[in-house]
Amino acid sequence: GPSGHVPTDVVEIGEVHLESAKKGRTIAAGSSIGPLNGETGTLACIVARLAEPETPLFLSNSHILADSGLAKLGSLIILPGKDDGGTSKSVVGKLVEFVPFSFSASYSNVCDAALSSVSEGAKLSNTIDGIGEVQAPTDDVALLVGDMVQKTGRTTQHTTGTIEDIHFRTEMPYP
């Protein structure tokens, strides 16, 4: 207007809080996750052992959940990870197993995976942002060169691609 004022609408929303799994947030693959005092990464998926199909576990990278093998079993896991606002009030589980890295010249690392328990009462979802509802396969699924794939990641969000190689190996600069 002539007096330099700009008309606005104000909608009061109340006090704002960080989202936390403890406060009823639904947890799904693609979410931010990490150890309480470590790096933040992506929750790959929610799994269960064949011997304990009713006990859910979080699967992510060992270099994230197990701090490249430096973490101790039982370390607290938070969601979201600390780089995304997670704190000691965001605990969703504990580190229960990980594949340790070998730093020898033999190049024996073929797996970068770790498992976390799931805190009692956590609300889990089989819906992934950008992908939708995911059902567990009824048979083993073998991916082949040329297959289309998609994923949702903490940093990259929803992406799609085509498998170009199923035997690719490279050295990773782990700390």
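The numbers attached to residues start from 1 for each chain and follow its sequence in the written order. Residues qualify for local features only when their pLDDT is at least 70, as the model is predicted, and side-chain atom pairs are given and counted only at 80 or more; totals for whole chains, interfaces and linings, by contrast, use all residues. Where side-chain values are given, they derive from all heavy atoms of the structure, hydrogens and water being excluded.

### Here we look at the environment of Arg 169
Put simply, DSSP marks the helices as runs of H or I at least four residues long and the strands as runs of E at least two long, and each gets a number from the N terminus on. Tracing the backbone shows Arg 169 in the segment after strand 13 (157–162). The class for Arg 169 is partly exposed, based on a relative accessible area of 47%. Sequence spacing of Arg 169 and Val 110 is 59 residues, and the spatial spacing of their C-alpha atoms is 8.6 Å. Partly exposed describes any residue whose relative accessible area lies between the buried limit of under 20% and the exposed limit of over 50%, with all areas from a 1.4 Å probe on protein chains only and scaled to the type maximum.

### Points about the layout of surface pockets
Detection works on a 1 Å grid of protein atoms alone, calling trapped sets that fit a 1.4 Å probe cavities and calling open sets with protein on both sides within 12 Å along at least five of seven lines pockets, with lining residues defined by an atom within 4 Å of a point. Grid points are joined across faces, edges and corners, and a volume is the space filled by probe spheres set on the points. Put simply, the largest pocket is a space of about 570 Å³. Those elements that place two or more of their residues in the lining of the largest pocket are strand 4 (45–49) and strand 12 (148–153). In this classification, the charged set is Asp, Glu, Lys and Arg, the nonpolar set is Ala, Val, Leu, Ile, Met, Phe, Trp, Tyr, Cys and Pro, and all remaining amino acids, among them Gly, are polar. A per-class count over the lining of the largest pocket returns 12 nonpolar, 8 polar and 2 charged.

### Quick notes on the pairing of strand 8 (residues 114–117)
Relative to strand 8, strand 5 (residues 52–60) is paired through 4 bridges, and the arrangement is antiparallel. Paired with Ser 60 across the two strands is Ala 114, which belongs to strand 8. Strands are treated as partners if at least two bridges between them are detected by DSSP. Relative to strand 8, strand 7 (residues 91–98) runs antiparallel, the two sharing 3 bridges. Considered in strand 8, the bridge of Phe 98 is made with Ala 114.

### Details of the pattern of salt bridges
Salt bridges are counted wherever a side-chain nitrogen of Lys or Arg sits within 4 Å of a carboxyl oxygen of Asp or Glu. Using the criterion set out here, one finds 2 salt bridges in the structure. Here Glu 97 and Arg 49 are joined by a salt bridge, their closest N and O atoms 2.9 Å apart. Of this pair, Glu 97 sits in strand 7 while Arg 49 sits in strand 4; the two residues are 48 residues apart in sequence, bridging distant segments of the chain. On the basis of relative accessible area, Arg 49 is assigned to the partly exposed category, the value being 33%. With a shortest N-O distance of 2.6 Å, Asp 84 and Arg 154 are connected by a salt bridge. With a gap of 70 residues between them, Asp 84 in the loop between strand 6 (76–78) and strand 7 and Arg 154 in the loop between strand 12 and strand 13 connect regions that are remote in the sequence. A residue is classified by how much of its surface remains accessible, and Asp 84, at 35% relative accessible area, is partly exposed.

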